[in-house]
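# Structure at a glance
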Amino acid sequence: MEAYRWEGELSGVTIRYDNVEGEELRELYFGCTNMRYAGISLNTENTERYEVMYQGEWAEFYESQDEEFLSSFVWQNQNGCYFDLGGKFTLEEFIEIADSVEKTEGRR
């Protein structure tokens, strides 16, 4: 797995993970910011929006109906930080990934 990281004043942190399994490339985009929707890009014509309960709060799942576009899962933590995941994943897969997100001390 390879990771690419971008940081910006407005967009917070965005990380793209590439995981190659056999001949399949699965990309996962992870972002966190203090601004809602700062890093989400959607194909609004072919996306279904769902409100779902996640960790006791409302979250949003944007399910792409178009093979060429990504789906997104967006939630807010107790500290007011917004997180978004993007990729070709189901809601269940996004929740499993979101459950694995934890704060660690890292390099700057």
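Computed from a predicted model, the values in this text were never measured in an experiment.

### A few points about the pattern of salt bridges
- As enumerated under the stated definition, the model contains two salt bridges in all.
- With a shortest N-O distance of 3.0 Å, Glu51 and Arg49 are connected by a salt bridge.
- You can call Arg49 partly exposed: its relative accessible area is 43%.
- The closest approach of N and O atoms between Arg49 and Glu60, which form a salt bridge, is 3.1 Å. In this pair, Arg49 is assigned in strand E4 (residues 47-54) and Glu60 in strand E5 (residues 57-64), connecting sequence segments eleven residues apart.
- We classify Glu60 as buried; its relative accessible area is 7%.
- Connected via shared salt-bridge partners are Arg49, Glu51 and Glu60.

### Quick notes on the nonpolar core
- Counting residues in hydrophobic clusters, the biggest one holds 15 residues, and the most contacted among them are Tyr54, Ala59, Phe73, Trp75, Leu85, Phe94 and Ala98.
- Of the residues forming this core, the biggest block, three residues, is contributed by helix H1 (residues 91-99).
- Those residues in contact with Phe94, other than ones at most four positions away along the chain, are Leu28, Phe61, Ser71, Ser72, Phe73, Leu85, Gly86, Gly87 and Phe89.

### Here's the deal with the confidence of the model for the chain
- Averaged over the chain, the pLDDT score is 77; the fraction of residues at 70 or greater is 65%.
- Considering each helix and strand of the chain separately, the mean pLDDT is smallest for strand E1 (residues 2-8), with a value of 52, and largest for E4, with 94.

### Re the packing of aromatic side chains
- Under the defined criterion, the tally for this structure stands at eight aromatic pairs.
- Note on Phe61 and Phe94: the rings are 6.0 Å apart at their centroids and 65° apart in plane angle, and the pair reads as edge-to-face. Separated by 33 residues along the polypeptide, Phe61 in strand E5 and Phe94 in helix H1 bring together distant segments of the chain. When sorted by exposure, Phe61 lands in the same class as Phe94, which is buried.
- When the ring of Trp75 is compared with that of Phe83, the centres are 5.2 Å apart and the planes differ by 15°; the resulting orientation is stacked.

### What about H1?
- Those residues of H1 that fall on the buried side of the exposure criterion are Leu91, Phe94 and Ala98. All buried residues of H1 fall inside an arc of 60° around its axis, so they share one side. In H1, those exposed residues whose orientation departs by more than 90 degrees from the buried face are Glu92 and Glu96.

### A word on the side chain of Ser64
- Along the polypeptide, Ser64 turns up in strand E5.
- A relative accessible area of 14% means that Ser64 is categorised as buried.
- In this structure the side chain of Ser64 is engaged in a polar contact, spanning 2.9 Å, whose partner is the backbone oxygen of Asp66.

What counts as what
- Throughout this description, residue numbers start from 1 for each chain and increase along the sequence as written.
- Only residues with pLDDT of 70 or above have their local features reported here, since the model is predicted, and side-chain atom pairs are shown and tallied only from 80 upward, although totals for entire chains, interfaces and linings are computed over all residues.
- Processing note: side-chain calculations cover all non-hydrogen atoms of the structure and skip hydrogens and water entirely.
- Put simply, a salt bridge is a Lys or Arg side-chain nitrogen that is within 4 Å of an Asp or Glu carboxyl oxygen.
- Three labels apply to residues, based on accessible area from a 1.4 Å probe with only protein chains included: buried if under 20% of the type maximum, exposed if over 50%, partly exposed otherwise in between.
- Helix numbering and strand numbering both begin at the N terminus, where a helix is a DSSP run of H or I of at least 4 residues and a strand a DSSP run of E of at least 2.
- Only buried residues count toward a nonpolar core, which is a set of Ala, Val, Leu, Ile, Met, Phe, Trp, Tyr and Cys residues joined through side-chain atoms within 4.5 Å.
- Contacts: residue pairs with any heavy atoms within 4.5 Å of one another.
- Each residue carries a pLDDT score, the predictor's confidence in it, ranging from 0 to 100.
- Here a pair means two rings of Phe, Tyr or Trp (six-membered ring of Trp) with centres within 6.5 Å. Their orientation is stacked below 30 degrees between planes, edge-to-face above 60, and tilted elsewhere.
- The directions from the helix axis to the C-beta atoms are what the arc is built from.
- Think of a polar contact as two N or O atoms within 3.5 Å of one another; within protein, one of them needs to be a possible hydrogen donor and the other a possible acceptor, and neighboring residues in sequence only count if both atoms come from side chains.

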